[in-house]
Protein chains: 2
Amino acid sequence: MFPEEVIITQNINTLLRDLSLETNYSNIAVLVDENTSQYCLPIIEKNLPDFQLIKINSGEENKTLDTCSFIWHELTRLKFDRKSLLINLGGGVIGDMGGFCASTYKRGIDFVNIPTTLLAQVDASVGGKLGIDFEGFKNHIGVFRKPDCVIIDSCFLNTLPEREIRSGFAEVIKHSLIADESYWEKLIQKDFYHQEWFDIIQHSVALKKNVVKKDPTEKNIRKILNFGHTIGHAIETYYLNKKENRLLHGEAIAIGMICETYLSSTILDLPESSVKEIEDYIIAQYGKSSIEKDEIKEIVELCSQDKKNENELINFSLLENIGNAVFNKFVEQDLITKAILKYREI
Amino acid sequence: MFPEEVIITQNINTLLRDLSLETNYSNIAVLVDENTSQYCLPIIEKNLPDFQLIKINSGEENKTLDTCSFIWHELTRLKFDRKSLLINLGGGVIGDMGGFCASTYKRGIDFVNIPTTLLAQVDASVGGKLGIDFEGFKNHIGVFRKPDCVIIDSCFLNTLPEREIRSGFAEVIKHSLIADESYWEKLIQKDFYHQEWFDIIQHSVALKKNVVKKDPTEKNIRKILNFGHTIGHAIETYYLNKKENRLLHGEAIAIGMICETYLSSTILDLPESSVKEIEDYIIAQYGKSSIEKDEIKEIVELCSQDKKNENELINFSLLENIGNAVFNKFVEQDLITKAILKYREI
């Protein structure tokens, strides 16, 4: 019933009216957190058919099995049958976790994601990775399943704090670095404040779709999307429980991309000029985070729990050149330590 | 790497040796309960490569999110990567829950089911329905995913109490009633004790495979496999928390099939002679269970939470004739009450 898998629109309300969801579903629920309930739901609610609201607390720390239990409990309490629809209105946490709950409730009901953050719009919107964190490990429990539809409208970006948009921008930088040199050249002409978000969303979604189509379950080429994420996820996880130094996903990935750029120069001879260009642009957009020397060991240890590893070697996607990434580059822990030390020296 | 999706063998040890699982997997775990650990694992363990043991408590009451958390925790603690294999050695609970955990750990690792009960061999072995119970509802949370291989050897039946085998036999009876009149005619020549299990497993697996192939996610024809299960599941759920009257799955389905045979005669004019034949054979194999009058209301209420329902009508698969079932027959609660009352009058 949905015309496309991913719809990028500048008028979500007209679109929602035209979809007339009520003709296809027996029940509809909208999953929100306290932020999207306050800032995003009012934008669209008058164009949604009757719906039940399921409200959870925002934040990565709530992307847990306990919150899933609450969502499943609500769907059960509301007597949602298999012809029900769950609309996930929010950022990556809402989309990943709501999608996981929908995919597993009565072995799967339909769900539509309406990503409201730049990060979710350019990253989580494509690829069908769903899931939750478990015992401190990011996205440790989940499934691959595409939403029945993803609806993206850049108007939601106006509801976000700047820091949130900047976090999403890290994935945009990543897309250009791994697969599109001319996109990179275009991005670095402007700083964060002068980017054109609607164009960027279209470009990034198309790029990611193209990669995911070739390898939906990440057996090979899709792994290049993990550039910056092996060390980045470990850093994000490490600081997750440290209230003061908490990093947003993109902020951690920005650090991860710099560290993995160093690995790329060591292992794949990425030219020094490219290393400098990447380092300079990312630092100019994100500044430098402080990582204490005695924190490095645990961060490296966390890298070894990454889902992509095999046989205890740590698996990276690295850059041969700007715009050209390769995957399954297995790296030892010592070299990872060195890369993080090098970041400290900037 | 597996030659077939479902392998029915009379020599599982030779098969396991030939598979040389260790050449394809970085880690292997075997999920067992206290029964299969004691009675089934010894049969095969010398022909398995090095493995870790994950042991849970047997029984439907442990098919919960808490047990999943334990299994996920163990896989995490053992640092299982995506090239790991989980072997589920046990009945339906082990296969359904172990399969669900494997399907969701790091978004999915390979798993092999070795069903050790007749019920799991003829029913859960085919069809990729995985999941757990939630807040008292059977298989409420789960996914559809086929095991990478199912290995069936009837030798495991020798490890079972008679009551367990008899429970599985209910699904065999169901298979014949919904899709194969000559199979039914053959079955009723003999009582439970004189059936030939290896033949029965082959016949039932082939029949179920044939149905599932046409409709893997139960949008239409696969629903016929639910004959006896709408009322049967409700009865099973109702007695789940009553220690004394606890019914095994097949025992509840036997009652469900009789009740739904009555519905078939009311709604689809299933001939009286067939009703009698079905009732007589099932009662001869299972005896009659006592359902108190004041229990019926809650059982009927439970039917309305069945996953197959739409818009609060209760969805049944019923018999037009022996060997010929139809699906999406929506029934009101009053008629269900009548059917259960009629069972009481036998």
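Small disclaimer: the values here were computed from a predicted structure and weren't measured.

(A) Structural context of the overall build of chain A. In terms of regular secondary structure, chain A is built from 14 helices and ten strands. By the compact-globule yardstick of 20 Å for 346 residues, chain A fits well, its C-alpha radius of gyration being 20 Å. Over its C-alpha atoms, taken along the principal directions, chain A stretches across nearly 60 × 40 × 40 Å.

(B) Representation of unusual backbone geometry. Residues and elements named next belong to chain A. Phi is positive for Lys 106, which is not a glycine, with a value near 50°. Locating Lys 106 in the fold gives a position in the loop between helix 5 (92–104) and strand 5 (110–115). In this model, Asp 269 sits at a positive phi of 55°, which is unusual for a non-glycine residue. One can find Asp 269 in the loop between helix 11 (249–268) and helix 12 (272–286).

(C) Structural view of the domain arrangement of chain A. Residues and elements named next belong to chain A. What the domain assignment lists for chain A is domain 1 (6–159) and domain 2 (162–344). Relative to domain 2, the C-alpha centre of domain 1 lies at a distance of 26 Å. On the domain 2 side, the residues contacting the 22 residues of domain 1 number 25 residues. For the side of domain 1 that touches domain 2, the elements supplying multiple residues, two or more each, are strand 1 (6–9), helix 6 (118–124) and strand 7 (137–144). At five residues, the largest contribution of residues to the side of domain 1 that touches domain 2 is made by helix 6. Classifying every residue of the side of domain 1 that touches domain 2 gives ten nonpolar, eight polar and four charged.

(D) How the structure looks around helix 10 (residues 229–240) of chain B. Counting buried positions along helix 10 of chain B gives ten out of twelve residues, so the element sits mostly inside the fold. The inward-facing, buried residues of helix 10 of chain B abut strand 7 (137–144), helix 11 (249–268), helix 13 (296–303), strand 9 (314–321) and helix 14 (333–344) of chain B.

(E) Main features of the sheet that holds strand 8 (residues 149–153) of chain B. Residue and element names in this part refer to chain B. Read across the sheet, six strands follow the order 1-8-5-4-2-3 without closing on themselves; strand pairing throughout is parallel. Edge positions in the sheet fall to strand 1 (6–9) and strand 3 (52–56), since each of these pairs with one other strand and no more. Each neighbouring strand pair of the sheet contributes to a mean axis angle of 20°, computed without reference to strand direction. Strand direction decides the pairing type here: strand 5 (residues 110–115) and strand 8, joined by two bridges, are parallel. Note on strand 8: the bridge partner recorded for Val 112 is Cys 149.

(F) Fine view of the nonpolar core. Core analysis: the biggest nonpolar cluster contains 207 residues, and Leu31(A) and Leu31(B) have the highest contact counts within it. For Leu31(A), the contacting residues outside a window of four places in its chain are Ile54(A), Ile56(A), Ile71(A), Leu86(A), Ile87(A), Asn88(A), Leu89(A), Ile94(A) and Gly98(A).

(G) The interface of chain A and chain B, seen in detail. Taken together, the contact pairs 29 residues of chain A with 29 residues of chain B. Of all the elements in the fold, those that place two or more residues in the side of chain A that touches chain B are helix 4 (65–77), helix 5, strand 6 (129–134) and strand 7 of chain A. For the side of chain A that touches chain B, the element with the most residues is strand 7 of chain A, which contributes six residues. Each residue belonging to the side of chain A that touches chain B can be placed in one class, and the counts come to eight nonpolar, twelve polar and nine charged.

(H) Quick look at helix 13 of chain B. All names here are of chain B. All of the buried residues along helix 13 are Ile 299, Val 300, Leu 302 and Cys 303. Buried positions in helix 13, seen along its axis, are confined to an arc of 155° and lie on one side of it. In helix 13, the exposed residues that point more than 90 degrees away from the buried face are Lys 297 and Glu 298. Its buried side turned inward, helix 13 meets helix 10, strand 9 and helix 14.

(I) Inspection of the relation of the copies chain A and chain B at higher detail. Superposition record for chain A on chain B: RMSD 0.0 Å, screw rotation 180°, translation along axis 0.0 Å. Here the transformation between the copies is reduced to the relation of a two-fold axis. Counting the interface residues of chain A, we find that 100% of their copies in chain B are interface residues as well, pointing to one common contact surface.

(J) Spotlight on the packing of helix 4 of chain A against helix 5 of chain A. Residues and elements named next belong to chain A. Direction vectors running N to C along helix 4 and helix 5 enclose 55°, while the axes themselves pass 10 Å from each other. Relative to helix 5, helix 4 is oriented oblique. As helix 4 runs across helix 5, the sense of the crossing is right-handed. For the pair helix 4 and helix 5, contact is made by Thr 67, Cys 68, Ile 71 and Trp 72 and by Met 97, Gly 98, Phe 100 and Cys 101, respectively.

(K) How the structure looks around the sheet that holds strand 5 of chain A. All names here are of chain A. Read from one edge of the open sheet, six strands run 1-8-5-4-2-3, paired in parallel fashion. Edge strands, defined here as strands with exactly one partner in the open sheet, are strand 1 and strand 3 (52–56). Pairwise comparison of adjacent strand axes, ignoring direction, gives a mean angle of 20° for this sheet. Sitting on the sheet, helix 5 is in contact with strand 2 (27–33), strand 4 (84–90) and strand 5, with an inclination near 165° to strand 4.

(L) Seen up close, the confidence of the model for chain A. Mean pLDDT over chain A: 94, with 99% of residues reaching 70 or higher. For this predicted complex, the interface confidence reaches an ipTM of 0.88, while the overall pTM sits at 0.89.

(M) Inspection of the pairing of strand 9 of chain B at higher detail. Residues and elements named next belong to chain B. Among the eight residues that make up strand 9, six are buried, leaving the element largely enclosed by the rest of the structure. Pairing between strand 9 and strand 10 (residues 324–331): six bridges, direction antiparallel. When the bridges of strand 10 are listed, Ile 314 appears paired with Val 331. Here strand 9 folds back onto strand 10, and the loop between the two strands holds two residues, one of which, Gly 323, carries a positive phi near 95°.

(N) Local environment of the environment of Lys342(B). The topology assignment puts Lys342(B) in helix 14. Accessibility expressed as a C-beta count within 10 Å gives 18 for Lys342(B), which makes it partly exposed.

(O) Just the environment of Leu177(A), in detail. All names here are of chain A. If you trace the backbone, Leu 177 turns up in helix 7 (residues 162–179). Along the chain, Leu 177 and Phe 227 lie 50 residues apart, while their C-alpha atoms are 8.8 Å from each other. The contact partners of Leu 177, leaving out residues within four places of it in the chain, are Trp 184, Phe 227, Ile 278, Leu 319 and Ile 322.

(P) Here's a closer look at the environment of Asn315(A). Take Asn315(A): it is sitting in strand 9 (residues 314–321). Looking at Asn315(A), the number of C-beta atoms within 10 Å reads 21, which means it is buried.

Definitions and cut-offs
Residues numbered from 1 in each chain as written. Chains lettered and ligands numbered in written order. Predicted model: local features only at pLDDT ≥ 70, side-chain atom pairs only at ≥ 80, totals over all residues. Helix = DSSP H or I, 4+ residues; strand = E, 2+ residues; numbered from the N terminus. Rg over C-alpha atoms; globule rule 2.2 N^0.38 Å. Domains from an automatic or database assignment. Contact = placed C-beta atoms within 7 Å. Nonpolar A, V, L, I, M, F, W, Y, C, P; charged D, E, K, R; others polar. Buried ≥ 20, exposed ≤ 12 C-beta atoms within 10 Å, placed from the backbone. Pairing = 2+ DSSP bridges. Axes fitted to C-alpha atoms, helices over the stretch in contact; angles between N-to-C directions. Core = buried A, V, L, I, M, F, W, Y, C linked by C-beta atoms within 7 Å. Arc of directions from axis to C-beta. Least-squares fit on C-alpha atoms with pLDDT ≥ 70 in both. Parallel < 35°, antiparallel > 145°, perpendicular 65-115°, else oblique. Left-handed = near helix turned anticlockwise from the far one by under 90°. pLDDT = per-residue confidence, 0-100.

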